[in-house]
Amino acid sequence: MLEVNALREESSDCPRSGGGAAGWEDGAVSPALPEGQVPPEDGGLPATVREGAENRGFGVYLHVPFCTVRCGYCDFNTYTATELGGGASQASFADTALREVALAGEVMRRAALPERPVATVFVGGGTPTVLPARDLVRMLEAIRSTWGLAPGAEVTTEANPDSVTPESLAELAAGGFTRVSFGMQSAVGHVLRTLDRTHDPARIPEVVAWARAAGLEVSLDLIYGTPGESLEDWRSSLEAALATGVDHVSAYALVVEEGTRMAAQVRRGELPMPDGDDEAAKYELADELLGTAGLHWYEVSNWARTPAQACRHNLAYWRGDDWWGVGPGAHSHVGGVRWWNVKHPRAYAARLEAGLSPAAGREELSEEDRRLERVLLGVRLAEGLPLSELSLTGRSAVAGLLADGLVDGRAAVRREDPRIVLTRRGRLLADTVVRALTD
């Protein structure tokens, strides 16, 4: 039974969308906001966020909540033009987001946080590239002028294959973007139709070539487990992705989320529920084919050709760095304080126009909360989780995980820096490992 998606957290993602079914990845947002404390109207942060800040990286996630068509499986905080109504528009979104960037800069200055240039920027959604490239570049310029960009900063946007042109990609690259993540999802027509994706699979190699010609690094996002998708369909999608020569692939098991159109189709018997054993077989096939092609897993759902081509923005989430999430429903984390914005673009714009923080709620994580998150997220990484991060209960569980073949024995028992590193079987049962390692 596949369990790799059971560890998803809501943030900004996600990987989205970060394309696909990423939850924590890419800062993706979900329409269901958690409950929390009432945040201050000026967005102020407590003095505790300064502790250890100089040792944490800082990134920005920017959520663009617009799509041309809402996919039936998607539960991210996205809207089509007909759903928005008055008070919010794609045309005014960049100006609204700039207000939050300015607010964020002021909040962090008031908190007396050390000056840290932005190491990574991720623009997710939705489909960010439904906005003109000049708007995406303007938002990046605001981030640069507020905090500065670190040398070699990674700047990614998500895109649908049918939402870019050679000219728009060249404009993004000239404006400072370094990377694009295309929502490929599948190379098989009937699978794309079930997912309500609108692009022609034949367009994938074309857009990859355009992006590379513009000087952008390219990632492809895939989804497996769609109702009606055979193992051979999935193999075709993997082979089509690899044929483009990309250096990064994300692959997520489809999750049928409550409240989506697909969930209603499953409930009515029009589509079967994805099968865990089928998804496990597809994950194993992905790991085998991607590994043979020279792409190695660095996180449960992500493969890169070299460590330098891993998505540094997502790694920052999994390693507990700081990030500010700009946009409706986006989540942020600074120094153990997490908050999330109001969801609807109209409410988001109204609060910023009134000079108020768009935050809807927040929580201050206890040391126990933070330790649990370090375990939950750290075990997802190929670099592993140091045994020193575990409680006595967690350490006592390691022997059983070794015996069950879920944890790599050499990494766990080495003399220097012993770590929990998942085997392939362990990746399939990742939440089982987390439950065993936590109290």
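Summarised in this report is the structure supplied together with it. As the structure is a prediction and not an experimental result, all values here were calculated from the model.

Overview of the overall build of the chain
1) Next: Along the chain, the regular secondary structure elements total 16 helices and 15 strands.
2) Next: Here the chain has a C-alpha radius of gyration of 21 Å; the compact-globule value for 439 residues is 22 Å, and the two agree.
3) Next: Judged by the C-alpha coordinates and their principal axes, the chain covers about 60 × 50 × 45 Å.
4) Next: Here the chain holds 439 residues, and the buried ones make up 59% of them.
5) Next: Here the chain carries 43 positive and 62 negative side-chain charges, and the mean point of each set is 2 Å from the other.

Focus: helix α3 (residues 133–147)
1) Next: The terminal C-alpha atoms of α3 lie 21 Å apart, and with 15 residues this matches the ideal 21 Å at 1.5 Å per residue to within 8%.
2) Next: Within α3 the residues assigned to the buried category are Ala-133, Asp-135, Leu-136, Val-137, Met-139, Leu-140, Ala-142, Ile-143 and Trp-147.
3) Next: On the buried face of α3, the contacting elements are β2 (58–64), α2 (90–110), β3 (118–125), β4 (149–159) and α4 (166–174).
4) Next: Immediately downstream of α3, the backbone of Gly-148 shows phi near 85 degrees, a positive value.

A few points about the nonpolar core
1) Next: Among the nonpolar cores identified, the biggest contains 93 residues, and Phe-93, Met-139, Trp-147, Phe-177, Phe-182, Ile-420 and Leu-437 are the most heavily contacted of them.
2) Next: Dropping the residues within four chain positions of it, Leu-437 is found in contact with Val-375, Val-379, Leu-390, Ser-391, Gly-394, Val-398, Leu-401 and Ile-420.

Overview of unusual backbone geometry
1) Next: Between Gly-125 and Gly-126 the backbone carries a cis peptide bond, its omega angle lying at 20 degrees.
2) Next: Here Gly-126 shows up in the loop between β3 and α3.
3) Next: Here Ala-112, not a glycine, exhibits a phi torsion of approximately 60 degrees, which is positive.
4) Next: Summarising the element assignment, Ala-112 is placed in the loop between α2 and β3.
5) Next: Ala-112 gets classed as partly exposed once you look at its relative accessible area, which sits at 46%.
6) Next: For Gln-185, which is not a glycine, the phi torsion comes out positive at approximately 65 degrees.
7) Next: Among the secondary structure elements, Gln-185 is positioned in strand β5 (residues 179–185).

A short note on the pairing of strand β11 (residues 331–334)
1) Next: Residues His-331 and His-333 point to one face of β11 and Ser-332 and Val-334 to the other, with burial holding for every one of them.
2) Next: Looking at chain direction, β11 and strand β12 (residues 337–341) are connected through four bridges and run antiparallel. Note on β12: the bridge partner recorded for Ser-332 is Trp-339.
3) Next: The turn linking β11 back onto β12 is made up of two residues, and Gly-335 within it adopts a positive phi angle of 55 degrees.

Things to note about the environment of Ala-133
1) Next: The residue Ala-133 is located in helix α3 in this model.
2) Next: The exposure class assigned to Ala-133 is buried, which follows from its relative accessible area of 10%.
3) Next: For the pair formed by Ala-133 and Glu-167, sequence separation is 34 residues and the distance between their alpha carbons is 9.2 Å.

A few points about the side chain of Asn-341
1) Next: Take Asn-341: it is sitting in strand β12.
2) Next: Take Asn-341: its relative accessible area is 1%, and that puts it in the buried class.
3) Next: Within the structure, the side chain of Asn-341 is placed 3.1 Å from the side chain of Glu-100, a separation counted as a polar contact.

A short note on the side chain of His-248
1) Next: Following the sequence through the fold, His-248 ends up in strand β7 (residues 248–253).
2) Next: His-248 has contacts with Arg-179, Val-218, Ser-219, Leu-220, Leu-295, Tyr-298, Asn-302, Trp-303, Ala-304, Gln-309, Ala-310 and Cys-311, leaving out every residue within four places of it along the chain.

Regarding the pattern of salt bridges
1) Next: The tally for this structure, following the rule as stated, stands at 29 salt bridges.
2) Next: Glu-106 is the partner of Arg-109 in a salt bridge, and the nearest nitrogen-oxygen pair spans 3.4 Å. Here Arg-109 pairs with Glu-106, and both are found in helix α2, just three residues apart, close to one helical turn.
3) Next: A salt bridge links Glu-389 to Arg-374; its shortest N-O distance comes to 2.9 Å. One end of the pair, Glu-389, is in the loop between β14 (385–386) and α13 (392–403); the other, Arg-374, is in helix α12 (residues 367–378), with 15 residues separating them in the sequence.
4) Next: Note on Glu-389: relative accessible area 25%, which makes it partly exposed.
5) Next: Each member of the salt-bridge network shares a partner with another, and the members are Asp-42, Glu-106, Arg-109 and Arg-110.

Remarks on the packing of aromatic side chains
1) Next: On inspection of all chains with the given rule, the structure shows seven aromatic pairs.
2) Next: Here the aromatic rings of Tyr-61 and Phe-122 are separated by 6.4 Å at their centres, their planes lie at 25 degrees, and the arrangement is stacked. Here Tyr-61 is found in strand β2, whereas its partner Phe-122 is found in strand β3, with 61 residues between them in sequence. Across the pair, exposure class does not vary: Tyr-61 and Phe-122 are buried alike.

Thoughts on the packing of α3 against α4
1) Next: Relative to each other, α3 and α4 sit at 10 degrees, their axes nearing to 9 Å. Between α3 and α4, the crossing angle belongs to the class labelled roughly parallel. α3 and α4 meet at a crossing whose hand is right-handed. Residue-level inspection shows Ala-133, Arg-134, Leu-136 and Val-137 of α3 in contact with α4, the latter providing Ser-168, Glu-171 and Leu-172.

Conventions used here
- Residues numbered from 1 in each chain as written.
- Predicted model: local features only at pLDDT ≥ 70, side-chain atom pairs only at ≥ 80, totals over all residues.
- Heavy atoms only, no water.
- Helix = DSSP H or I, 4+ residues; strand = E, 2+ residues; numbered from the N terminus.
- Rg over C-alpha atoms; globule rule 2.2 N^0.38 Å.
- Buried < 20%, exposed > 50% of the residue type's maximum accessible area, 1.4 Å probe, protein only.
- Lys, Arg positive; Asp, Glu negative; His and termini not counted.
- Charge placed at Lys NZ, Arg CZ, Asp CG, Glu CD.
- Expected span 1.5 Å × (residues − 1).
- Contact = heavy atoms within 4.5 Å.
- Core = buried A, V, L, I, M, F, W, Y, C linked by side-chain atoms within 4.5 Å.
- Pairing = 2+ DSSP bridges.
- Polar contact = N/O pair within 3.5 Å; in protein donor to acceptor, adjacent residues only side chain to side chain.
- Salt bridge = Lys/Arg side-chain N within 4 Å of Asp/Glu carboxyl O.
- Phe/Tyr/Trp six-rings, centres within 6.5 Å; stacked < 30°, edge-to-face > 60°.
- Axes fitted to C-alpha atoms, helices over the stretch in contact; angles between N-to-C directions.
- Parallel < 35°, antiparallel > 145°, perpendicular 65-115°, else oblique.
- Left-handed = near helix turned anticlockwise from the far one by under 90°.

Just geometry here; none of it tells us what the structure is for.
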